[in-house]
Amino acid sequence: QGAIAFKDVHFAYDPERAILKGISFDVPAGKTVAIVGPSGAGKSTISRLLYRFYDIQGGSITIDGQDVREVTQTSLRKVIGMVPQDTVLFNDTIAYNIRYGRPSATEEEVQAAADIAQIGTFIQTLPDGYETKVGERGLKLSGGEKQRVAIARTILKAPPILILDEATSALDTTTEHEIQSALDVVSKNRTTLVIAHRLSTVINADEIIVLRHGTIAERGSHADLLSQNGLYASMW
Ligand code: ADP
Ligand code: ADP
């Protein structure tokens, strides 16, 4: 369940300037596809179109054969777990933020999701240094930690499709590894689309799509693409 198909997808924010110029690719159910490419190539736009923040202007996007335009926003959000680039957190505990949208989740389930996302040790603190009632200061979360809160929320929600739009904001190597290991767990047996802004997270993807100027320049596994000695290989 959760097979994604983009067929000849065209999209422009501004009619004068095409962003996606006929993009076709499949993410078979349970597989992971990573989109890479230079900044501005249209990578994040792909995730926004799948989640229907915007509607496409040509071609089709289907999930299990059904056009996303025929699916209500509510059902789409049940099927797709989106880990956005920038996660805005509520001024409440990290546990509350993880549980958001899943009021029936037990404390054990919230803790387990937090442990997988490797934020399990501080879920009772407040994000972003908000003042607590007793005047204690919460944690100032890094971009990577905020993204792990979103990953934990997605683990709890357990949707068949996961979109991970990697934060472009400066992440240190440690958080990058932590995000990768959380992602490995959450993407297992789940259809996963990774919008990759750095390369280390794409190596294990079933297929890597290299986007350039709104078209697919190269596609294949990490090993295939390296041996092609093209754009992907030059990015390393
Ligand atoms: P990438 O993720 O590959 O860096 P994006 O998909 O974010 O690229 O953006 C592709 C192009 O679309 C960029 O030139 C960007 O400036 C433009 N763009 C992105 N979002 C918007 C928007 N909301 N309105 C207008 N242009 C946008
Ligand atoms: P669901 O309840 O199925 O998770 P929603 O449409 O309520 O879906 O929200 C989608 C995602 O957007 C949530 O999982 C959450 O990550 C985020 N979100 C929604 N509203 C807010 C908000 N006001 N502040 C921060 N994040 C939010």
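Residues numbered from 1 in each chain as written. Chains lettered and ligands numbered in written order. Predicted model: local features only at pLDDT ≥ 70, side-chain atom pairs only at ≥ 80, totals over all residues. Heavy atoms only, no water.

So, on to the site of ligand 1. Lining the immediate surroundings of ligand 1 are 14 residues, of which R17, G40, K43, S44 and T45 lie closest. A distance of 2.8 Å separates an oxygen atom of ligand 1 from a polar atom in the side chain of K43. For ligand 1, whose accessible area on its own is 570 Å², the fraction buried by protein is 67%. Counted by class, the shell around ligand 1 contains five nonpolar, six polar and three charged residues. (Near = heavy atom within 4 Å. Polar contact = N/O pair within 3.5 Å; in protein donor to acceptor, adjacent residues only side chain to side chain. Areas by Shrake-Rupley, 256 points an atom, 1.4 Å probe, with all protein chains shown as cover. Nonpolar A, V, L, I, M, F, W, Y, C, P; charged D, E, K, R; others polar.)

Surveying the vicinity of ligand 2 reveals the residues Y51, R77, V88, F90, Y100, G101, R102, R153 and K157. For ligand 2, an oxygen atom lies 3.3 Å from a polar atom in the side chain of R102. Residue R153 places a side-chain N or O atom 2.4 Å away from an oxygen atom belonging to ligand 2. Bound to the protein, ligand 2 loses 59% of the 530 Å² it would expose on its own. Placement of ligand 2 is best described as lying within the largest pocket. Residue composition of the shell around ligand 2, by class: four nonpolar, one polar and four charged. (1 Å grid on protein atoms, 1.4 Å probe; cavity = no way out; pocket = protein on both sides within 12 Å on 5 of 7 lines; lining within 4 Å. Sits in = over half its atoms within 2 Å of the grid points.)

Here the focus is the packing of helix α4 (residues 107–116) against helix α5 (residues 143–157). Helix packing for two helices is described by the angle between their axes and how far apart those axes are. The geometry of α4 relative to α5 is characterised by a closest axis approach of 8 Å and an angle of 130° between their N-to-C directions. As far as their axial angle goes, α5 and α4 are oblique. Once α4 is placed against α5, the crossing between them reads as right-handed. Where α4 abuts α5, its residues E109, V110, A113, A114 and I116 lie against A152, I155 and L156. Taken together, the residues of the contact of α4 with α5 sort by class into seven nonpolar, no polar and one charged. (Axes fitted to C-alpha atoms, helices over the stretch in contact; angles between N-to-C directions. Helix = DSSP H or I, 4+ residues; strand = E, 2+ residues; numbered from the N terminus. Parallel < 35°, antiparallel > 145°, perpendicular 65-115°, else oblique. Left-handed = near helix turned anticlockwise from the far one by under 90°. Contact = heavy atoms within 4.5 Å.)

All we've got here are geometric facts, nothing functional implied.
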